[in-house]
Amino acid sequence: MRYKDAGVDLDKQKTIHAVARRLLSGGEGAYVRWIEIGSHDLALHVDGVGTKTVWLLQAGKIEVAGWDCLAVNINDVVCDGFKAVAVVDYIAVAPGLEDAAARVLNGLERASAEAEVAILGGETAIMPDVVNGIDVVCTILAVREATPRPPSFGDYVVGVESSGPHANGYSLLRRLFRLDEEICGVPVAESLLQPVVMYHKILPLFQEGLIKAAAHITGGGFTKLKRALGNLGAELELGQLPCWARAILKKGVPKDEAYRVFNMGVGIALVTDKPADLVRRLEDLGYSARVIGRVKPEGSIAVDGVRVS
C-alpha cells in the first residue's frame, strides 16, 4: 500500500507547493524564510499535527496534539539555525468537541514551557460541515541564533532518534493498523502516538561547529535530506529499525515508499565533520544518536540500499 492509496497524493501536493513558491519573498533557508528587522533575522513558520489527531481523539490523548503542534515547528526552524520565541495556535473543531480544544491548549502550554516559547494568542473555531474532528495548527515566530554551513563530500550524517512516526503519515498508518491492536506486544496507542521529540537543544551545537546542516525528517521522509545537502547526495544505513517501522514494511508498504513517508526511527539528520564529538554532545543533551551515513558527491540519496531521491 502507498500513501496515495490512503488519499494523500504527494505529486499533487508538490503542485500546490510550486504555486505557493511563486508568492514567497525574504531570505530562503532549507525550511524557513526570513526577513531582516534591525540586526535580527526573523522567521514565521506554520505547521500542524494533521490526521494524527483522529487517533489521539479516539485514544484519549488529544493533549499530545498541542505538544506536537509546537514541536514540529521548532524542529523545522532549528534546521536553519532559528530559535522559536513565540507561538499562536489555530484549533478548529466539530460541534461537540469543544472540550478537546481546551485539552490541546494544555499540551501546548507544556511544550511552550519546555522550549521557553511565549504563547501570544490563537483562534479556536467551531466548524460544522467543514471539520469532522479536530485540526490543530501552530505558527511560530523565530529568531536566528546560528547559521548552517555548506556540507562537503565525505561529511558524516548523524541520525537522532525519534519517538515514533512523530506527526507524519497517519492517513496511511490508519489504513495499516487498528488502534486496538499491538505492534510487537505494545498497543498501537503507545507505539504510534508518542509526543514528537523536540530537538531545540541542538541549536548551540551549530555555534560550537559540530553541526554543519540539519534535516528534520517529516513529510517526505528522507527526501528532506536534500534540503540540507543541496547538490550533494548521501548513502545511509539505518541499521536495526524500530519495531513500528519494521511493522510498516511487514504490512506491505514498499521500502521506497516507507522511506519517503516515514522517519523510520530518525527524527532529525545532522551533517557533521566531527561525528564522534557530535554524538557525545547529543547524548549529553539527552538524545539518542548514531552515525547513519556519509555525504556523497552525487545528487542522489539512498537509504538502506533504496534510492529515495
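Residues numbered from 1 in each chain as written. Predicted model: local features only at pLDDT ≥ 70, side-chain atom pairs only at ≥ 80, totals over all residues. Heavy atoms only, no water.

Help me understand the sheet that holds strand E7 (residues 156-161) in this model?
For sheets, the rule is that strands pair by backbone hydrogen bonds, running either parallel or antiparallel. Strands sit in the order E10-E12-E7-E13-E11-E14-E15 across an open sheet of 7 strands; the sheet is mixed. Across the chains shown, the open sheet's two edge strands, defined by having one partner strand only, are strand E10 (213-216) and strand E15 (306-307). Both E7 and strand E13 (residues 289-296) contribute to a ladder of 5 bridges, which runs antiparallel. Counterpart to Val160 in the pairing with E13 is Ala289. (Pairing = 2+ DSSP bridges. Helix = DSSP H or I, 4+ residues; strand = E, 2+ residues; numbered from the N terminus.)

So what exactly am I meant to see when it comes to the nonpolar core here?
A general trend in soluble globular proteins is that nonpolar side chains are found buried together. Counting 100 residues, the largest nonpolar core has Phe177, Ile202, Phe222 and Leu282 as its most contacted members. Per element, the largest residue contribution to this core is 9 residues, and it comes from helix H3 (residues 63-78). Leaving out residues up to four positions away in the same chain, Leu282 has contacts with Val158, Val160, Ile202, Leu205, Leu270, Tyr287 and Ala289. (Core = buried A, V, L, I, M, F, W, Y, C linked by side-chain atoms within 4.5 Å. Buried < 20%, exposed > 50% of the residue type's maximum accessible area, 1.4 Å probe, protein only. Contact = heavy atoms within 4.5 Å.)

Explanation requested: the pattern of salt bridges in the structure shown.
When the charged atoms of two side chains lie near each other, side chains of opposite charge can form a pair. According to the stated counting rule, one finds 14 salt bridges in the structure shown. Among the ionic pairs, Arg33 bridges to Glu28, the shortest N-O distance being 3.3 Å. A relative accessible area of 58% places Glu28 in the exposed class. (Salt bridge = Lys/Arg side-chain N within 4 Å of Asp/Glu carboxyl O.)

When you look at the layout of surface pockets in this model, what are you seeing that I'm missing?
If you roll a probe as big as a water molecule over the atoms, it shows you where there is empty space left. Approximately 230 Å³ is the volume found for the second largest pocket. Within the residue set of the lining of the second largest pocket, elements represented by two or more residues are E10 and helix H8 (225-229). Of the residues in the lining of the second largest pocket, the class split is 9 nonpolar, 2 polar and 5 charged. (1 Å grid on protein atoms, 1.4 Å probe; cavity = no way out; pocket = protein on both sides within 12 Å on 5 of 7 lines; lining within 4 Å. Points joined across faces, edges and corners; volume = space filled by probe spheres on them. Nonpolar A, V, L, I, M, F, W, Y, C, P; charged D, E, K, R; others polar.)

What am I meant to see in H3 here?
Since there are 3.6 residues in each turn of an α-helix, residues three or four apart along the chain are aligned in direction. The terminal C-alpha atoms of H3, which comprises 16 residues, lie 23 Å apart, in line with the 22 Å expected from a rise of 1.5 Å per residue. Of all 16 residues in H3, 14 are buried, a share of seventy percent or more. (Expected span 1.5 Å × (residues − 1).)

Honestly, the state of the cysteines in this entry has me stumped. Any pointers?
Disulfides are covalent bonds that connect the sulfur atoms of two cysteines. Counted according to the given criterion, the structure contains 2 disulfides. With a sulfur-sulfur separation of 2.4 Å, Cys69 is cross-linked through a disulfide to Cys138. Between Cys69 and Cys138, the S-S dihedral sits near 130°, and the bridge is therefore right-handed. Taken together, the residues Cys69 in helix H3 and Cys138 in strand E6 (residues 134-144) connect sequence positions 69 residues apart. The two residues Cys69 and Cys138 agree in class, both being buried. Disulfide pairing is shown between Cys184 and Cys243; the S-S distance is 1.4 Å. In this pair, Cys184 sits in the loop between strand E8 (182-183) and strand E9 (186-187) while Cys243 sits in helix H9 (residues 243-250), placing the two residues 59 residues apart along the sequence. Once the bonded cysteines of the chain are numbered in order along the sequence, the disulfide links fall as 1-2, 3-4. The thiol sulfur of Cys79 is not disulfide-bonded, and the nearest other cysteine sulfur, from Cys69, lies at 17 Å. (Disulfide = S-S within 2.5 Å.)

As far as function goes, none of this settles anything; it's purely spatial.
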